[in-house]
Amino acid sequence: MKENQPLYLDPKLPLETRVDDLVSRMTLEEKISQMVHPAPAIERLGVPEYNWWNECLHGVGRAGVATVFPQAIGLAATWNVELMRQVATAISDEARAKHHESLRRGIRQIYTGLTYWSPNVNIFRDPRWGRGQETYASVPTSLRGWAWRLSRASG
């Protein structure tokens, strides 16, 4: 590490140490500015802009050409937890590749970040919501079982 280099810029240090150092250097206004999805750059600290609005419920198609998978409720109807894990792995691999390509090209717009609002684990109990295809189940015990098995599935 260079002399007088902030701790948050040293990739050899633990993440928690780096985060604590960076946040301690931010003003209240800068911290607040990072709480919206089009978070602006903090140039004095070398923090680039970042848009953390993205979703990948059945693929990362909003970030351009991508593999598209069945909606969550259709995938859940297979009762195949291994298939769900494989789909989730494929989506996450493609998402990371798309994110790194966007960074390489200097693109930091909506749908290019590495933060995703997926999967939707809401229990679909009320059809007035109108987005049941985005959920995995209407039965809490099924969803709990799938989540538990997916979290323990080997890769």
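Now for a description of the structure that goes with this document.

Criteria and thresholds
- Residues numbered from 1 in each chain as written.
- Predicted model: local features only at pLDDT ≥ 70, side-chain atom pairs only at ≥ 80, totals over all residues.
- Heavy atoms only, no water.
- Helix = DSSP H or I, 4+ residues; strand = E, 2+ residues; numbered from the N terminus.
- Buried < 20%, exposed > 50% of the residue type's maximum accessible area, 1.4 Å probe, protein only.
- Contact = heavy atoms within 4.5 Å.
- Salt bridge = Lys/Arg side-chain N within 4 Å of Asp/Glu carboxyl O.
- Patch = residues over 30% accessible without salt bridge, like charges linked within 9 Å, V, L, I, M, F, W, Y side chains within 5 Å.
- Areas by Shrake-Rupley, 256 points an atom, 1.4 Å probe, with all protein chains shown as cover.

### So, the overall build of the protein chain
Consideration 1: Within the protein chain, the secondary structure is distributed over five helices and two strands.
Consideration 2: Ordered by position in the sequence, the α and β elements of the protein chain form the string α-α-β-β-α-α-α.
Consideration 3: Per-residue burial over the protein chain gives 26% buried out of 155 residues.
Consideration 4: Here the analysis covers contacts within the protein chain between residues at least 6 apart in sequence; of these, 43% occur between residues at least 24 apart.

### Here's the deal with the pattern of salt bridges
Consideration 1: All chains considered together, the criterion is met by five salt bridges.
Consideration 2: Measuring nitrogen to oxygen at the nearest pair gives 2.8 Å for the salt bridge that ties E30 to R44. Of this pair, E30 sits in helix α2 (residues 28-33) while R44 sits in the loop between β1 (38-39) and β2 (50-51); the two residues are 14 residues apart in sequence, bridging distant segments of the chain.
Consideration 3: On the accessibility criterion, E30 (15% relative accessible area) is buried.

### Things to note about a nonpolar patch on the surface
Consideration 1: A cluster of nonpolar side chains, L15, V19 and V23, forms an exposed patch at the surface whose accessible area comes to about 260 Å².
Consideration 2: Mapped onto the elements of the fold, L15 is located in helix α1 (residues 15-25).

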